[in-house]
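What follows is each chain in one-letter form.
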Amino acid sequence: MIDRHLLGAGTALWVVLWAVFVARLTWLEFRLRAHLIEHHAHRWRRLPWTERITWSVWFVLQSKEDYGDPIIGTQRRELLTVFFDMLLVLVAMIVWFVISATMVQLGP
């Protein structure tokens, strides 16, 4: 059996780790967006506001266009790496929840 305090501490650790990944992913996305706006503003202005909201997901995961700018390609690869790392942490967190939930002793 596992102690409830250990369960809570482990759960908090996983949630904090996942939150760090989300914060890093958001920061990288803002950096990429700022670079695009600064150096390729003519392309950004052509997008309607509805596409600007979902732009980062489409641009990072599906677009092959880097506008001839090697910085954009590098930042896209960094975003994808952090995204997949975040998914691995999420899977590990779910496994932790399932295993620890089966091991914790229920009752008073």
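Summary of the structure given here. (Residues numbered from 1 in each chain as written. Predicted model: local features only at pLDDT ≥ 70, side-chain atom pairs only at ≥ 80, totals over all residues. Heavy atoms only, no water.)

**A look at the overall build of the protein**
On a plain count of helices and strands, the protein comes out with four helices and zero strands. In sequence order, the protein lays out its α and β elements as α-α-α-α. For the protein, with 108 residues in total, the buried portion stands at 29%. (Helix = DSSP H or I, 4+ residues; strand = E, 2+ residues; numbered from the N terminus. Buried < 20%, exposed > 50% of the residue type's maximum accessible area, 1.4 Å probe, protein only.)

**A short note on the side chain of His35**
Mapped onto the fold, His35 is located in helix H1 (residues 4–39). With relative accessibility at 11%, the residue His35 sits in the buried group. Each residue touching His35, except ones within four places of it in the same chain, is listed here: His40, Asp69, Ile71, Ile72 and Gln75. (Contact = heavy atoms within 4.5 Å.)

**So, the pattern of salt bridges**
The final tally for this structure, using the stated rule, is three salt bridges. Across the salt bridge formed by Arg31 and Glu78, the nearest N and O atoms sit 3.7 Å from each other. With Arg31 in helix H1 and Glu78 in helix H4 (residues 70–103), this residue pair connects regions lying 47 residues apart in the sequence. For Arg31, a relative accessible area of 31% corresponds to the partly exposed category. When salt bridges that share partners are traced, they join Arg24, Arg31 and Glu78 into one network. (Salt bridge = Lys/Arg side-chain N within 4 Å of Asp/Glu carboxyl O.)

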